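Each chain, written out:
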Amino acid sequence: MKKIIDGIEIDLTEEELNPTDEQLAAEKIEQDAALSNEHRSTRNALLTASDWTQANDSPLAAEKKVEWATYRTALRNLPSSSDWPDVTFPTEPS
């Protein structure tokens, strides 16, 4: 592979072709941070969209309210999961 510096095409060095363990670790941290932010945004949107299920005047039956409360708790607990940010979101109650 090559790079262009000041309009001159130059071969990449061995270091540029093979990232170090430190560089790979730093890249993983950066990717995890981006995924964490994305997941938090998704989680927050899902919580907001399901707020109505816990209102006193919600049309849901008591057992459905419990299902939704359990779902919402699972959403809130996602960031504390040992797998965070590589998690699977809980399934919304039907």
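Before reading on, note that the structure itself is shown above.
Conventions and cut-offs
- Residues numbered from 1 in each chain as written.
- Predicted model: local features only at pLDDT ≥ 70, side-chain atom pairs only at ≥ 80, totals over all residues.
- Heavy atoms only, no water.
- Phe/Tyr/Trp six-rings, centres within 6.5 Å; stacked < 30°, edge-to-face > 60°.
- Helix = DSSP H or I, 4+ residues; strand = E, 2+ residues; numbered from the N terminus.
- Buried < 20%, exposed > 50% of the residue type's maximum accessible area, 1.4 Å probe, protein only.
- Contact = heavy atoms within 4.5 Å.
- Axes fitted to C-alpha atoms, helices over the stretch in contact; angles between N-to-C directions.
- Parallel < 35°, antiparallel > 145°, perpendicular 65-115°, else oblique.
- Left-handed = near helix turned anticlockwise from the far one by under 90°.
- Expected span 1.5 Å × (residues − 1).
- Arc of directions from axis to C-beta.
- Pairing = 2+ DSSP bridges.

J.: How would you summarise the packing of aromatic side chains if you had to cite specific residues and measurements?
T.: For the structure shown, the criterion picks out two aromatic pairs. Taking 6.2 Å as the distance between ring centres and 55 degrees as the angle between the ring planes, the aromatic pair formed by Trp52 and Trp68 counts as tilted. Of this pair, Trp52 sits in the loop between α2 (21-49) and α3 (62-77) while Trp68 sits in helix α3, and the two are 16 residues apart along the sequence. By relative accessible area, which is 7% here, Trp68 ends up buried. Ring pairing ties together the aromatic residues Trp52, Trp68 and Tyr71, which thus form one cluster.

J.: Explain the side chain of Ser50 to me, and be specific about the residues and the numbers.
T.: Inspection of the secondary structure assignment puts Ser50 in the loop between α2 and α3. Setting aside its immediate chain neighbours within four residues, Ser50 contacts Trp68, Tyr71 and Arg72.

J.: Account for the packing of α2 against α3, with residues named and values stated.
T.: Running from N to C, α2 and α3 point in directions that differ by 160 degrees, and their axes come no closer than 10 Å. Classified by the interaxial angle, the pair formed by α2 and α3 is roughly antiparallel. For α2 against α3, the interelement crossing comes out left-handed. Touching Arg43, Leu46 and Leu47 of α2 are Tyr71, Arg72, Leu75 and Arg76, all from α3.

J.: Give me α3: which residues, what numbers.
T.: With 16 residues, α3 should reach 22 Å at 1.5 Å per residue; the first-to-last C-alpha distance of 23 Å fits that figure. Buried residues of α3: Trp68, Tyr71, Arg72 and Leu75, and no others. Each buried residue of α3 lies within a common arc of 95 degrees when the element is viewed along its axis, so the set occupies one face. Exposed and oriented more than 90 degrees from the buried face of α3 are Ala62, Glu63, Val66 and Thr70.

J.: Which residues make up the pairing of strand β1 (residues 2-5), and what values do they have?
T.: Sheet topology places β1 next to strand β2 (residues 8-11); four bridges connect them, and they run antiparallel. Residue pairing in the sheet places Ile4 in a bridge with Glu9 of β2. Joining the antiparallel neighbours β1 and β2 is a turn of two residues, in which Asp6 adopts a positive phi near 50 degrees.

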